[in-house]
Amino acid sequence: MLNKNVEKKLIEQIEKEGYSSNLYLAMASWSESNGLEGIANWMYAQSDEERTHMLKIVKYVNERGGQAIISALDEPPVDFSSVKALFEKVYEHEQMISASINDIVDVCLKEKDFTTHSWLQWFVNEQIEEEASVSAILDKLKLLGDQNNNLYLLDRDILAMRNQGSENQ
Ligand code: FEO
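Since this is a predicted model, take the numbers as computed values, not measurements. (Residues numbered from 1 in each chain as written. Predicted model: local features only at pLDDT ≥ 70, side-chain atom pairs only at ≥ 80, totals over all residues. Heavy atoms only, no water.)

## Regarding the pattern of salt bridges
- In the structure shown here, the tally under the stated rule is 10 salt bridges.
- For K8, the salt bridge goes to E12, with nearest N and O atoms at 3.4 Å. Taken as a pair, K8 and E12 lie in helix α1 (residues 4–33) at a separation of four residues, close to a single helical turn.
- The structure contains a network of salt bridges with shared partners spanning K8, K9, E12 and D103. (Salt bridge = Lys/Arg side-chain N within 4 Å of Asp/Glu carboxyl O. Helix = DSSP H or I, 4+ residues; strand = E, 2+ residues; numbered from the N terminus.)

What follows is the structure, given as structure tokens:
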């Protein structure tokens, strides 16, 4: 039987992953409507990934004798001031998610739930990858500076990054 405190934390994480999926879907829609096909593609794929993270936790909680609860989600933002602001928000959000995963790891150790602790390592590693890929995009954006004339090239670049990423999976 899943420890009640661990179950509570995992249910909170289900909501956070669900929100992440909607947040990136909102970002995909903003990007697509602004003609940024590569970024939109990246965001759509990211949104799908977040849904798989959410499902992974739902299934784990239920398999371990708990009950995964699906809660209402906050509405994600509609508009973003720039592509830089968009990716800064993604980075900030992923850092919050990493902290949240680490918090669950901490509760698992306190409750001596070593099974969930071990299962969570996949998420710990996934967060390292997610933060690194967003950080790489932010580095490219820094190179662009304040001029947006190279945005078209950056958009192509991000499309290529995503395609390369899926080939390596
Ligand atoms: Fe599921 Fe991007 O964390």
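## Considerations on the packing of aromatic side chains
- In the structure shown here, the tally under the stated rule is five aromatic pairs.
- Ring-pair connections join several aromatic residues into one group, and the members of that group are Y60, W119, W122 and F123. (Phe/Tyr/Trp six-rings, centres within 6.5 Å; stacked < 30°, edge-to-face > 60°.)

## Let's talk about the packing of helix α3 (residues 83–110) against helix α5 (residues 121–144)
- Viewed as axis vectors pointing N to C, α3 and α5 meet at an angle of 160°, and their least axial separation amounts to 10 Å. Looking at the two axes, α3 sits roughly antiparallel to α5. α3 and α5 meet at a crossing whose hand is left-handed. In this structure, α3 uses V83, K84, F87, E88, V90, Y91, E94, Q95, I97, S98, I101 and V105 to contact α5, whose residues at the interface are F123, V124, Q127, E130, E131, V134, S135, I137, L138 and L141. (Axes fitted to C-alpha atoms, helices over the stretch in contact; angles between N-to-C directions. Parallel < 35°, antiparallel > 145°, perpendicular 65-115°, else oblique. Left-handed = near helix turned anticlockwise from the far one by under 90°. Contact = heavy atoms within 4.5 Å.)

## Focus on the packing of α1 against α3
- Axis separation between α1 and α3 bottoms out at 10 Å; the angle between their running directions is 170°. The angle between the axes of α1 and α3 places the two elements in the roughly antiparallel class.
- Looking at the contact of α1 with α3 residue by residue, the classes come out as 16 nonpolar, six polar and six charged. (Nonpolar A, V, L, I, M, F, W, Y, C, P; charged D, E, K, R; others polar.)

## Section: the nonpolar core
- In terms of nonpolar packing, the biggest core is built from 23 residues, with M43, V83 and F87 touching the most fellow members.
- Contributions of two or more residues to this core are made by α1, α2 (37–63), α3, α5 and α6 (151–167).
- With six residues, the top contributor of residues to this core is α1.
- Apart from the residues lying within four places of it in its own chain, the contact partners of F87 are I39, W42, M43, V134, I137, L138, L141 and I158.
- Within the second largest apolar cluster, 18 residues are counted, among which are L10, V61, V107 and L120. (Core = buried A, V, L, I, M, F, W, Y, C linked by side-chain atoms within 4.5 Å. Buried < 20%, exposed > 50% of the residue type's maximum accessible area, 1.4 Å probe, protein only.)

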